[in-house]
Amino acid sequence: MKRRSFKQVDVFTATAYRGNPLAVVLDGEGLSTEEMQHFTNWTNLSEATFLLPPTQPEADYRVRIFCPGRELPFAGHPTLGSCHAWLEAGGRARGEQVVQECGVGLVRLRRDADRLAFAAPPLRKSGPLPEEDVGLIARGLGLARSDIVAHAWCDNGPNWRGVMLASAEQVLALKPDANVLAGLDIGVVGPRGKVGVIGSRAADDECAFEVRAFFPGNNGMAEDPVTGSLNAALAQWLIGAGLAPSRYIAGQGTALSRAGRVHVQQDGDDIWIGGASVTCVDGTVLL
């Protein structure tokens, strides 16, 4: 074991302890996959990342992303949080944008004022969900099938299934049944206020959508506080289908007493997913 630089970062929030926490080991060299997985499980957080030298010449750094029980090819809040930690520790990009190497390949990041944003990776699977899946999801969420007004595959590494409800109130009232939804990664989105009303409105009206994310956890069904990969996939689906404007803010974590804010912007062929990050713990860890 040796002391390694470590940060715990709260992502998709400008206020500490209101977003989604991430453990970042800034020097992952020499650690085995088993050691990375064991440390991730020990943190009891939704994800931990380990920064490594890149293997591709275009990349500024490489990251391995773990959640309890498995390694992920890509995840959004670990991408933003890892980049925040890398920059804060003195990392410098080769070009105008930061280029992260991870399981899905190269992911570009840019700075938007006090936020970082990543270019949404392409969907691995898209299009409507099978009707049997939609019926199962409705039953598992305690809904009538007619409550789901739209649905789609939202697979960009994590195998998300996305469903849209008519209102944010419906989304916040959900009480998922873990037995029915066992094994499924599900993202639920519902309009919050007027779609596209963002910016100078009151705090309750700044978000166009309310999002919740449910997935199998160590002890049954878990809910993620704020989910970059899901919001990236939802944005590609919703904007492409004309269900969302090309620029909006999504709220997530409300049901968990968090206040996550995900900034979505289409810029040409790219959809950028951004948010603020705050370092809450800064020091070393024995690994």
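Residues numbered from 1 in each chain as written. Predicted model: local features only at pLDDT ≥ 70, side-chain atom pairs only at ≥ 80, totals over all residues. Heavy atoms only, no water.

Enquirer: An account of the nonpolar core is requested, with residue identities and associated values reported.
Expert: With 53 residues, the main nonpolar core has Trp-237, Leu-238, Tyr-248 and Ile-273 as its most contacted residues. When residues of this core are assigned to their parent elements, the largest contribution, eight residues, is made by helix α5 (residues 228-240). Each residue touching Leu-238, except ones within four places of it in the same chain, is listed here: Met-164, Val-189, Phe-209, Leu-243, Ala-244 and Tyr-248. Val-134, Trp-153, Leu-184 and Phe-214 belong to the second-largest nonpolar core, a separate cluster that totals 17 residues. (Core = buried A, V, L, I, M, F, W, Y, C linked by side-chain atoms within 4.5 Å. Buried < 20%, exposed > 50% of the residue type's maximum accessible area, 1.4 Å probe, protein only. Helix = DSSP H or I, 4+ residues; strand = E, 2+ residues; numbered from the N terminus. Contact = heavy atoms within 4.5 Å.)

Enquirer: Explain the environment of Arg-111 residue by residue, including any values.
Expert: With respect to the helices and strands, the residue Arg-111 is situated in strand β7 (residues 105-112). Overall, the relative accessible area of 60% leaves Arg-111 in the exposed class. Placed 15 residues apart in sequence, Arg-111 and Glu-96 show a C-alpha to C-alpha distance of 9.3 Å. Among residues more than four places away in sequence, those in contact with Arg-111 are Leu-87 and Leu-116.

Enquirer: Before we move on, could you go through the pattern of salt bridges and cite the residues and values that matter?
Expert: Under the definition given, this model contains 12 salt bridges. Across the salt bridge formed by Arg-145 and Glu-131, the nearest N and O atoms sit 2.7 Å from each other. Separated by 14 residues along the polypeptide, Arg-145 in the loop between α3 (131-140) and β9 (150-155) and Glu-131 in helix α3 bring together distant segments of the chain. What makes Arg-145 partly exposed here is its relative accessible area of 32%. With a relative accessible area of 45%, Glu-131 lands in the partly exposed category. Measuring nitrogen to oxygen at the nearest pair gives 3.1 Å for the salt bridge that ties Arg-161 to Asp-133. Here Arg-161, found in strand β10 (residues 159-164), pairs with Asp-133, found in helix α3; they are 28 residues apart in sequence, far enough to count as distant. Arg-161 gets classed as buried once you look at its relative accessible area, which sits at 11%. (Salt bridge = Lys/Arg side-chain N within 4 Å of Asp/Glu carboxyl O.)

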